[in-house]
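Fold and contact review
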Amino acid sequence: MTQTTTNPIKPFSNISLSSNFTPKTFLKPHPPPTTTTTTTTTTIFISKPKTLSFKIHSSSNSAPPPSSSDTDTDFLFSILHAIPDWADHIKERGMRKKRTLYDHEKWIQHRSSLRHWRHVSSSLTSRVILSLVPPVIAFTSFAAVIAGYNSAVSLHWLPGFFPVLRASTLPYQLTAPALALLLVFRTEASYSRFEEGRKAWMKVIAGTNDLARQVISGVDNSVNAPLKKALLQYIMAFPVALKCHLIYGLDVRQELQNVLEVEDLAIVLNSKHRPRCIIEFISQSLQMLKLEESRRNALESKISGFHEGIGVCEQLLGIPIPLSYTRLTSRFLVLWHLTLPIILWDDCHWIVIPATFMSAASLFCIEEVGVLIEEPFPMLALDELCKLVHNNIQEAIASDKIIQAQLTAKIRSHSKEHSPNGRPTS
């Protein structure tokens, strides 16, 4: 009998062996008989050898190290995602940047004759341009590959069966107007959403100022002083709560801690819909004020404008431009720039690389602007608007006392100037 030798296996701390047949017992070796071998308890028949399956369990809990192919794949994916992740970080950081309202000085700078040089010099810090780095690099690199391949074929560096990648420019001449119209309609639809969001916020700001003005002038301080003060705080807090409700990543507690009292702030933070919670504070405060019914109804009518503003803003936030429209624009742009080096090769040769770069940078920039303004609220100067409302109400409160004192003094002086019989006093 020939003895089979096997390579030594490195011992493990814990090894369990199991077979595919029953009973799971190890059979002692026996000489190969031609007949059956019988014992007193078990009868064993010589048949085709069974395949044993071995399960090796290590005593350590650590998982097996990943293979080199998996490590290389993960490393490759991390490299490919590095630039897009960096561009997305730049874009989202720009979305959280606070906008400012324009004044006379900013308008003078805005229409300055040096604006073109200022805009070009700040290109490397523009979040719109930096967010386009991944697609522009990808399509420019693809154009370089096509140019290198066609040059190698033309110089006979490759076998003769490799063709030169070229095509007629007629398809591009036919589809260029369609792409232009698609980009124009996409940008126009996004701008209409931006304009609708701006108008909704202007109504909210105007309603807030009007309600605060009516409360300041129409509510008696001697009877409703504590409720009046609290009501004005709720009115100032509503635009801030709506801003935090619409813009992602804002700290509601930090935004409202200087406007509301601690107890009121805790209730607002625990609510699911904070702007409506503040509206409820306003409504309940109006009900508790000692006012005439007609004046109370006039004040409560202003609250409907708040609900309308919330509805318009939530609609703009929750319903984007139809996704099929956005996908069509993106796919059109990608296919356009993937075939652009092939179309331009006969006319431009190696110039297809800068031509592809300029085309991708310009067309994708237009599409990117449309995507950015599709969500209007990060583009609006909501921080400045909320601060403006707060300052206006505080100024109205301070000026109301001064104006009342001034008018009261005029009434008293006017009454002193006339005697009871109509003759002026000396």
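Bear in mind the structure is a predicted one, so any value in this text is a computation, not a measurement. (Residues numbered from 1 in each chain as written. Predicted model: local features only at pLDDT ≥ 70, side-chain atom pairs only at ≥ 80, totals over all residues. Heavy atoms only, no water.)

Next up on the list: the overall build of the protein chain. When helices and strands are counted, the protein chain shows 15 helices and four strands. Looking at the 426 residues of the protein chain, the share that counts as buried comes to 31%. When the accessible surface of the protein chain is summed, it comes to about 28,600 Å², and 62% of that surface belongs to carbon and sulfur atoms. (Helix = DSSP H or I, 4+ residues; strand = E, 2+ residues; numbered from the N terminus. Buried < 20%, exposed > 50% of the residue type's maximum accessible area, 1.4 Å probe, protein only. Areas by Shrake-Rupley, 256 points an atom, 1.4 Å probe, with all protein chains shown as cover.)

Looking now at the packing of aromatic side chains. What the rule picks out here adds up to eight aromatic pairs. Seen in terms of ring centroids, tyrosine 102 and tryptophan 107 are 5.1 Å apart; in terms of plane orientation they differ by 70 degrees. Their pairing is edge-to-face. Tryptophan 107 gets classed as partly exposed once you look at its relative accessible area, which sits at 42%. Relative to phenylalanine 306, the ring of phenylalanine 238 lies with its centre 4.5 Å away and its plane at 20 degrees, an arrangement referred to as stacked. With phenylalanine 238 in helix H7 (residues 221-246) and phenylalanine 306 in helix H12 (residues 303-318), this residue pair connects regions lying 68 residues apart in the sequence. Exposure class is identical for phenylalanine 238 and phenylalanine 306. Each is buried. In textbook terms, an aromatic cluster arises when at least three aromatic residues are bridged by ring pairs, as seen for Tyr149, Phe161 and Phe162. (Phe/Tyr/Trp six-rings, centres within 6.5 Å; stacked < 30°, edge-to-face > 60°.)

In terms of nonpolar packing, the biggest core is built from 57 residues, with Trp201, Ile235, Ile282 and Phe377 touching the most fellow members. Where this core is concerned, the elements lending two or more residues are helix H6 (170-218), H7, helix H8 (252-256), helix H9 (262-270), helix H10 (274-288), H12, helix H14 (352-374) and helix H15 (382-417). It is H7 that contributes the most residues to this core, 13 residues altogether. Apart from residues lying up to four places away in sequence, phenylalanine 377 is in contact with Gly197, Trp201, Leu246, Ile247, Cys313, Leu316, Leu317 and Leu382. (Core = buried A, V, L, I, M, F, W, Y, C linked by side-chain atoms within 4.5 Å. Contact = heavy atoms within 4.5 Å.)

We now examine the packing of helix H13 (residues 323-348) against H14. One way to put it is that H13 packs onto H14 with a least axis distance of 9 Å and a crossing angle of 160 degrees. Here H13 lies roughly antiparallel to H14, going by the angle between them. Considering only the axes of H13 and H14, their crossing is right-handed. Contact with H13, carried on its side by Thr329, Leu333, Val334, Trp336, His337, Leu340, Pro341, Leu344, Trp345 and Cys348, involves Val352, Ala355, Thr356, Ser359, Ala360, Leu363, Phe364 and Glu367 of H14 and no other residues of that element. Across the contact of H13 with H14, the residue classes break down as 13 nonpolar, four polar and one charged. (Axes fitted to C-alpha atoms, helices over the stretch in contact; angles between N-to-C directions. Parallel < 35°, antiparallel > 145°, perpendicular 65-115°, else oblique. Left-handed = near helix turned anticlockwise from the far one by under 90°. Nonpolar A, V, L, I, M, F, W, Y, C, P; charged D, E, K, R; others polar.)

Following the sequence through the fold, isoleucine 235 ends up in helix H7. Judged by relative accessible area, isoleucine 235 falls into the buried class, the value being 0%. The sequence separation of isoleucine 235 and isoleucine 279 amounts to 44 residues, and the corresponding C-alpha distance is 8.3 Å. Setting aside chain neighbours within four positions, we find isoleucine 235 in contact with Thr208, Leu211, Ala212, Val215, Ile282 and Ile393.

On to the pattern of salt bridges. Summed over the entire model, instances satisfying the criterion amount to eight salt bridges. We note a salt bridge from arginine 213 to aspartate 210, for which the minimum N-O separation is 2.7 Å. Taken together, the residues arginine 213 and aspartate 210, both in helix H6 and three residues apart, mark about one turn of the helix. Several salt bridges share partner residues, and in doing so they unite Asp210, Arg213 and Lys302 into one network. (Salt bridge = Lys/Arg side-chain N within 4 Å of Asp/Glu carboxyl O.)

The analysis is restricted to geometry; functional conclusions fall outside its scope.
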